[in-house]
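Descriptive structure summary
So you can see what is in the structure, the chains are spelled out below.
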Amino acid sequence: MKIETSKHDRIVFFAVLLTATLVSCQGLYTGTVTLTQVVDSATREYAHAYNSGLVPAETASKVAVAYEAYRKAAGVARDALVAYKQTGAGDTSNAVQTAKQAASQFIDLIVPFLTTEKASQVKTQLSKANVP
Amino acid sequence: MSPELLTAILSFATRFGIDAATAFLSHRTASIDDAIEALRQAKEKSLDDYIREDARQRALATKTIGPENVT
């Protein structure tokens, strides 16, 4: 079966393709910024709890390891985005998704040291950081 | 493709495209540069940096409002 395509069809196809690309990129970039803001805000509160002597040494060690894993994943995601910006190629979504997973593991460890209000806020924001 | 269907798709694509473009222009969403910068800062700031920063603020608050008022 041969499908006839007109000039209008091609315009529609490219308009839809462009829109889909634009929208998916917006989600990824906005989600990434939200993710880093959530972690930053929660880490400030954790640091306050740590300096108040509320964090046991064993937990502090686990938190430090989880935070380093997040930093490393953030670095990999950054490199992937830089490469994508320069070449227009590469898988940025997987790298950002890995950073989000690392952030979630870190947040899970520090949630007991956040205020109830902050913990609820962080979990809501993290779920909103909808990295595709 | 029927003219009605073509018109409907074109209308949807145009409206959706304008919404996305408007969002970009009004800075309600982040760009790739925003995301790169956010990740750079996340990579550079260590947990010790946060702890030191909190300690500094705590020391400043103690000096300013008195130790009995610092929580």
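Now for a description of the structure that goes with this document. (Residues numbered from 1 in each chain as written. Chains lettered and ligands numbered in written order. Predicted model: local features only at pLDDT ≥ 70, side-chain atom pairs only at ≥ 80, totals over all residues.)

A few points about the overall build of chain B
Under the convention used in this document: In this text, helices come from DSSP runs of H or I with a minimum length of four residues, and strands from runs of E with a minimum of two, each type numbered from the N-terminal end. Exposure in this text rests on C-beta crowding, where 20 or more other C-beta atoms within 10 Å of a residue's own make it buried, 12 or fewer make it exposed, and counts in between make it partly exposed. The C-beta atoms are placed from the backbone.
A count of helices and strands for chain B gives three helices and zero strands. Reading the secondary structure of chain B in the N-to-C direction produces α-α-α. Here chain B holds 71 residues, and 15% of them are scored as buried.

Quick word on the packing of helix α2 (residues 57–87) of chain A against helix α2 (residues 32–44) of chain B
Stated formally: Convention adopted: a line fitted to C-alpha atoms gives each axis, helices being fitted over their contacting stretch, and angles between N-to-C directions are expressed from 0 to 180 degrees. Any angle from 65 to 115 degrees is called roughly perpendicular, while one under 35 is roughly parallel, one over 145 is roughly antiparallel, and all others are oblique. Left-handed describes a crossing whose near helix is turned anticlockwise from the far helix by less than a right angle; the clockwise case is right-handed. Remark: residues whose backbone-derived C-beta atoms lie within 7 Å of one another are considered to be in contact. When residue character is reported, Ala, Val, Leu, Ile, Met, Phe, Trp, Tyr, Cys and Pro are called nonpolar, Asp, Glu, Lys and Arg charged, and the others, Gly included, polar.
In contact at an axis separation of 8 Å, α2(A) and α2(B) are set at 150° when each is read in the N-to-C sense. Taken as axis vectors, α2(A) and α2(B) run roughly antiparallel relative to one another. Handedness of the crossing formed by α2(A) with α2(B): left-handed. Counted together, A:R71, A:A74, A:G75, A:A77, A:R78, A:L81, A:V82 and A:K85 of α2(A) and B:I32, B:A35, B:I36, B:L39, B:R40, B:A42 and B:K43 of α2(B) form the full contact between these two elements. The residue inventory of the contact of α2(A) with α2(B), partitioned by class, reads nine nonpolar, one polar and five charged.

Observations concerning the nonpolar core
Convention followed: Note on definitions: a nonpolar core is a set of buried residues drawn from Ala, Val, Leu, Ile, Met, Phe, Trp, Tyr and Cys, linked by C-beta atoms within 7 Å.
Ranked by internal contacts, the top residues of the largest apolar core, which has 36 residues, are A:V39, A:Y70, A:A77, A:A99, A:A103, A:F106 and B:L39. Elements with a minimum of two residues in this core: α1 (7–51), α2 and α3 (92–110) of chain A together with α2 and α3 (47–65) of chain B. At nine residues, α1(A) tops the list of elements feeding residues into this core. Apart from residues no more than four positions distant in its own chain, A:F106 is found in contact with A:V39, A:A66, A:Y67 and A:Y70.

A few points about α2(B)
Since there are 3.6 residues in each turn of an α-helix, residues three or four apart along the chain are aligned in direction. Residue and element names in this part refer to chain B. Keep this limit in mind: Expected helix span is computed as 1.5 Å times (number of residues minus one). By construction, the arc corresponds to the directions joining the helix axis to the C-beta atoms.
Between its terminal C-alpha atoms α2 stretches 18 Å, which fits the 18 Å expected from 13 residues at 1.5 Å a residue. For α2, the complete set of buried residues consists of A35, I36, A38, L39, A42 and K43. All buried residues of α2 lie within an arc of 165° about the axis, which places them on one face of the element. More than 90 degrees from the buried face of α2, the exposed residues found are D33 and E44.

Section: the packing of α2(A) against α3(A)
Two packed helices can be described by the angle between their axes and the distance between those axes. All names here are of chain A. Running from N to C, α2 and α3 point in directions that differ by 160°, and their axes come no closer than 8 Å. Considered as vectors, α2 and α3 are oriented roughly antiparallel to each other. Relative to α3, the crossing made by α2 is left-handed. For the contact of α2 with α3, the per-class residue count stands at 20 nonpolar, three polar and one charged.

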